[in-house]
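Fold and geometry: a report
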Amino acid sequence: QVQLVESGGSSVQAGDSLRLSCAVSGRTSSGTPMGWFRQAPGKDREFVAAIDWSGINIYYGDSVKGRFTISRDNAKTTVYLQMNSLKPEDTAVYYCAVARWAITPTSADGYKYWGQGTQVTVSS
């Protein structure tokens, strides 16, 4: 059984920073890519960022490029999302996920295991 637990969500002001963490436990390969998605009320789940096991191949959604940074600590089986210069439109529930295979997907159907999500609210 694979479990993912996100943490770090909060209510902040526009321009602030937050760091989300996602701890993974259970039977999953440390070589598996991981990603972050978000979903705002009434909207589809949106790709935010993804990273392969090596940390070399990293992808970002267009709306967060230059502001968000994904990283991972394979020893701790944890993935992070550093979010800077937050905007009200970043308000959403943020989910981390473990990919189905060794390539790094940027769509939700490429991910097999999901966390419960953590709320990020950005006020103007």
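Model, not experiment: these values are computed from the prediction. Along each chain, residue indices are assigned from 1 in the same order as the chain's sequence is written. Local features in a predicted model are, by the rule used here, given only for residues with pLDDT of at least 70; side-chain atom pairs are given and counted only at 80 or more, and totals for whole chains, interfaces and linings are based on all residues. Hydrogens and water are ignored here; the side-chain numbers use all heavy atoms of the structure.

1. Section: the state of the cysteines
How we decide: Cysteine sulfur atoms are paired as a disulfide whenever they fall within 2.5 Å. Comment: elements are numbered from the N terminus, with helices defined as DSSP H or I runs of at least four residues and strands as E runs of at least two. Burial status follows relative accessibility: with a 1.4 Å probe on protein chains alone, a residue under 20% of its type maximum counts as buried, one over 50% as exposed, and anything between as partly exposed.
For the coordinates displayed, the defined rule picks out one disulfide. The disulfide bridge from C22 ends at C96, spanning 1.9 Å between sulfur atoms. One disulfide, between C22 and C96, carries an S-S torsion of 55° and so falls in the right-handed class. Note that C22 is positioned in strand 3 (residues 18-25) and C96 in strand 9 (residues 92-99), a separation of 74 residues in sequence. Just as C22 is buried, C96 falls in that class too.

2. Some details on the sheet that holds strand 7 (residues 68-73)
Keep this limit in mind: For two strands to pair, DSSP has to find at least two bridges joining them. Angles here are taken between N-to-C directions and fall from 0 to 180 degrees, while the axes themselves are lines fitted to C-alpha atoms, restricted in helices to the stretch in contact.
Read across the open sheet, the four strands follow the order 1-3-8-7; overall the sheet is antiparallel. Among the strands making up the open sheet, the edge pair consists of strand 1 (3-7) and strand 7. Across the sheet, the axes of successive neighbouring strands diverge by a mean angle of 15°, strand direction being ignored. Note that strand 1 and strand 3 share five bridges and pair antiparallel. Its bridge partner lying in strand 3, S7 is registered against S21.

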